Amino acid sequence: MFNKMLSRNINDHNNVNAKRVAEQMTILRGERMLLKDYLVQSLQESGWDDKVRILCREEIAKANGLISVDSLVDRVTPKARKEIPDELKADMILKIKKVLLQAKED
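Everything numeric in this text was worked out from a predicted model, so none of it was measured.

Thresholds, definitions, all that
- Residues numbered from 1 in each chain as written.
- Predicted model: local features only at pLDDT ≥ 70, side-chain atom pairs only at ≥ 80, totals over all residues.
- Heavy atoms only, no water.
- Salt bridge = Lys/Arg side-chain N within 4 Å of Asp/Glu carboxyl O.
- Helix = DSSP H or I, 4+ residues; strand = E, 2+ residues; numbered from the N terminus.
- Expected span 1.5 Å × (residues − 1).
- Bend = angle between axes of the 7 residues up to and from the residue.
- Buried < 20%, exposed > 50% of the residue type's maximum accessible area, 1.4 Å probe, protein only.
- Contact = heavy atoms within 4.5 Å.

Student: Explanation requested: the pattern of salt bridges in the structure shown.
Tutor: Pairs can form between side chains of opposite charge once their charged atoms are near each other. Evaluated as defined, the whole model comprises 7 salt bridges. In this structure, the salt-bridge partner of arginine 53 is aspartate 50, at a minimum N-O distance of 2.7 Å. With a gap of 3 residues between them, arginine 53 and aspartate 50 both fall in helix 4 (residues 48–62), about one helical turn apart.

The following block contains the structure:
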């Protein structure tokens, strides 16, 4: 039963329960910081952070410098998410699955 629930949750990337399970399991195993560090490093290496800076500057320029931080975040976030390399998304999913499967075995 647990195996079926875990598999279903892992395969459904938009499922809130899967996110909670992944978060809890990674925190318990001390893997969360390692995954986060890997993600940040990979995003930097891909140039994603530079792309996001450019997106922010473009949005600020469009608003003639008169934009709140909340509005800037609302405008840039969807574009920034699209800029995350697909390979990195797939890699992170595999790493999270690996952590969850190892936790299940313990």
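There's more to say after this.
Student: Looking at this structure, I do not really get helix 5 (residues 69–83). What am I missing?
Tutor: Helical geometry note: an α-helix holds 3.6 residues per turn, so side chains three or four residues apart project in the same direction. Taking 1.5 Å of rise per residue, 15 residues should cover 21 Å, and helix 5 covers 20 Å from first to last C-alpha, within 8% of that figure. The sharpest bend along helix 5 comes to roughly 35 degrees, located at valine 76, with the proline proline 78 sitting one to four residues further on. Turning to helix 5, its buried residues number three or more, namely Leu72, Val76 and Ala80. Buried residues along helix 5 sit in contact with helix 4.

Spatial relationships are all this shows, so hold off on functional conclusions.
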